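Listed here are the chains, written in short residue letters.
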Amino acid sequence: MNSTIAMITFRAMLGRRRALLLLGLPLVLLVLAAVLRYTGNNDLDISADVLQKFGLATLLPLLALIAGTGVIGPEIDDGQIMYVLTKPIPRQVVVLTKLAVAIVLVAVFAVVPTLLAGMVLTGSTAGMAPAFTVGVLVGGVTYSAVFVALAVASRNAVTIGLLYALVWESLLGNFAPGAKSASIQQWALSVTDAMTSATPVKSTVDLAVAVPLLVVVSLGGTLLAAYRLRSLSVAHAE
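Please read all numbers here as calculations on a predicted model, not as lab measurements. (Residues numbered from 1 in each chain as written. Predicted model: local features only at pLDDT ≥ 70, side-chain atom pairs only at ≥ 80, totals over all residues. Heavy atoms only, no water.)

**Some words on the overall build of the protein chain**
Working step 1: For the protein chain, the count of helices and strands is 12 helices and zero strands.
Working step 2: Along the protein chain, helices (α) and strands (β) appear in the sequence α-α-α-α-α-α-α-α-α-α-α-α when read from the amino end.
Working step 3: A globule of 238 residues ought to have a C-alpha radius of gyration of about 18 Å, and the protein chain, at 18 Å, matches this closely.
Working step 4: Dimensions of the protein chain, computed from C-alpha atoms along their principal axes, come out at roughly 60 × 35 × 25 Å.
Working step 5: Buried positions account for 47% of the 238 residues belonging to the protein chain.
Working step 6: When the accessible surface of the protein chain is split by element, carbon and sulfur atoms take 68% of a total near 11,100 Å². (Helix = DSSP H or I, 4+ residues; strand = E, 2+ residues; numbered from the N terminus. Rg over C-alpha atoms; globule rule 2.2 N^0.38 Å. Buried < 20%, exposed > 50% of the residue type's maximum accessible area, 1.4 Å probe, protein only. Areas by Shrake-Rupley, 256 points an atom, 1.4 Å probe, with all protein chains shown as cover.)

**Describing the pattern of salt bridges**
Working step 1: Going through the model one piece at a time under the given rule, you end up with three salt bridges.
Working step 2: Where K98 meets E75, a salt bridge forms, and the shortest distance between an N and an O atom there is 2.7 Å. Remark: E75 occurs in helix α4 (residues 73–78) and K98 occurs in helix α6 (residues 91–122); sequence separation between them is 23 residues.
Working step 3: Residue classification places K98 among the buried residues on the basis of a relative accessible area of 1%.
Working step 4: The exposure class assigned to E75 is buried, which follows from its relative accessible area of 13%.
Working step 5: The residue D77 makes a salt bridge to R155 at a minimum N-O spacing of 3.1 Å. Residue D77 is found in helix α4, and its partner R155 is found in the loop between α7 (128–153) and α8 (157–171); the two are separated by 78 residues along the sequence. (Salt bridge = Lys/Arg side-chain N within 4 Å of Asp/Glu carboxyl O.)

**Digging into unusual backbone geometry**
Working step 1: Of note in this structure, A126 is not a glycine but carries a positive phi near 60°.
Working step 2: With respect to the helices, strands and loops of the structure, A126 is situated in the loop between α6 and α7.
Working step 3: The partly exposed category is assigned to A126, whose relative accessible area is 25%.

**Describing the packing of helix α10 (residues 184–195) against helix α11 (residues 207–231)**
Working step 1: Interhelical geometry of α10 versus α11 gives an angle of 130° and a closest axis separation of 9 Å. Relative to α11, α10 is oriented oblique. In the packing of α10 onto α11, the handedness of the crossing is left-handed. Contacts from I184, W187, A188, S190, V191 and A194 in α10 reach L207, A210, V211, L213, L214 and V217 in α11. (Axes fitted to C-alpha atoms, helices over the stretch in contact; angles between N-to-C directions. Parallel < 35°, antiparallel > 145°, perpendicular 65-115°, else oblique. Left-handed = near helix turned anticlockwise from the far one by under 90°. Contact = heavy atoms within 4.5 Å.)

**Section: α11**
Working step 1: For α11, spanning 25 residues, the distance from its first C-alpha to its last is 36 Å, which sits close to the expected 36 Å at 1.5 Å a residue.
Working step 2: Of the surrounding elements, those touching the buried residues of α11 are α5 (81–85), α6, α7 and α10. (Expected span 1.5 Å × (residues − 1).)

**Comments concerning the packing of helix α3 (residues 44–70) against α10**
Working step 1: Close contact between α3 and α10 brings their axes to 10 Å; oriented N to C, the two are set at 125°. Classed by the angle they form, the pair α3 and α10 counts as oblique. In the crossing of α3 with α10, the sense of the turn from one axis to the other is right-handed. Residues Q52, L56 and A57 of α3 pack against Q185, A188 and L189 of α10.

**Things to note about the confidence of the model for the protein chain**
Working step 1: Counting all residues, the mean pLDDT for the protein chain is 88, and 94% of those residues have values of 70 or more.
Working step 2: When pLDDT is averaged over each helix and strand of the protein chain, the minimum, 46, is found for helix α12 (residues 234–237) and the maximum, 95, for α7. (pLDDT = per-residue confidence, 0-100.)

**Topic: the environment of A151**
Working step 1: As for its placement among the helices and strands, A151 is situated in helix α7.
Working step 2: Along the backbone, A151 and I76 are 75 residues apart, and their C-alpha atoms lie at a distance of 8.4 Å.
Working step 3: In contact with A151, other than residues within four places in its own chain, are G68, T69, I72, G73, I76 and A157.

Structure representation (structure tokens):
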């Protein structure tokens, strides 16, 4: 970890434009939860549907995409990364610092709102609120690692990330069982499923498979980002 890089990255990510993007979706989730609770439409089925389809399947990947690509992608695109590459800082330290910032942002803008929305909708019923909170957290770590790696490996990271999250996981996942099995969303949902007794929460991937996949993909994304950054020359960064 490098505190200077972390501070600069936080400052860039929490500028006015990006802060609005990070705040928008969580506010929609919280408002939706409050409205459903106020109108009495917050039974377990509806609550699980909201937390899964909006919190886990929409809010989480989009925020992780904004955070994961935003912590390093713009620096590579505009050449500012050259100032870091010329310093005696190991590439893995740069990557781990950027990844840590992305995870903190996901925790603040996705994990905490999911917990609050879950408590508003269901309280302590069936342990659903903390279950989705943990699911969003572990999924957020994996999404962040993947999107940081994409940002280092490609200038089209946002497009690729959107295709994966919205087309592969959300669209194809509804029709192709194989797509669901290769889905960070389903792996995170498996963790949620294991932590709650609520019957509406059901993952298509067993926990014994989901947990190793979450770990392997997180580590793989981190290692790939470090490798690609190490091979990125200053001339290319410019």
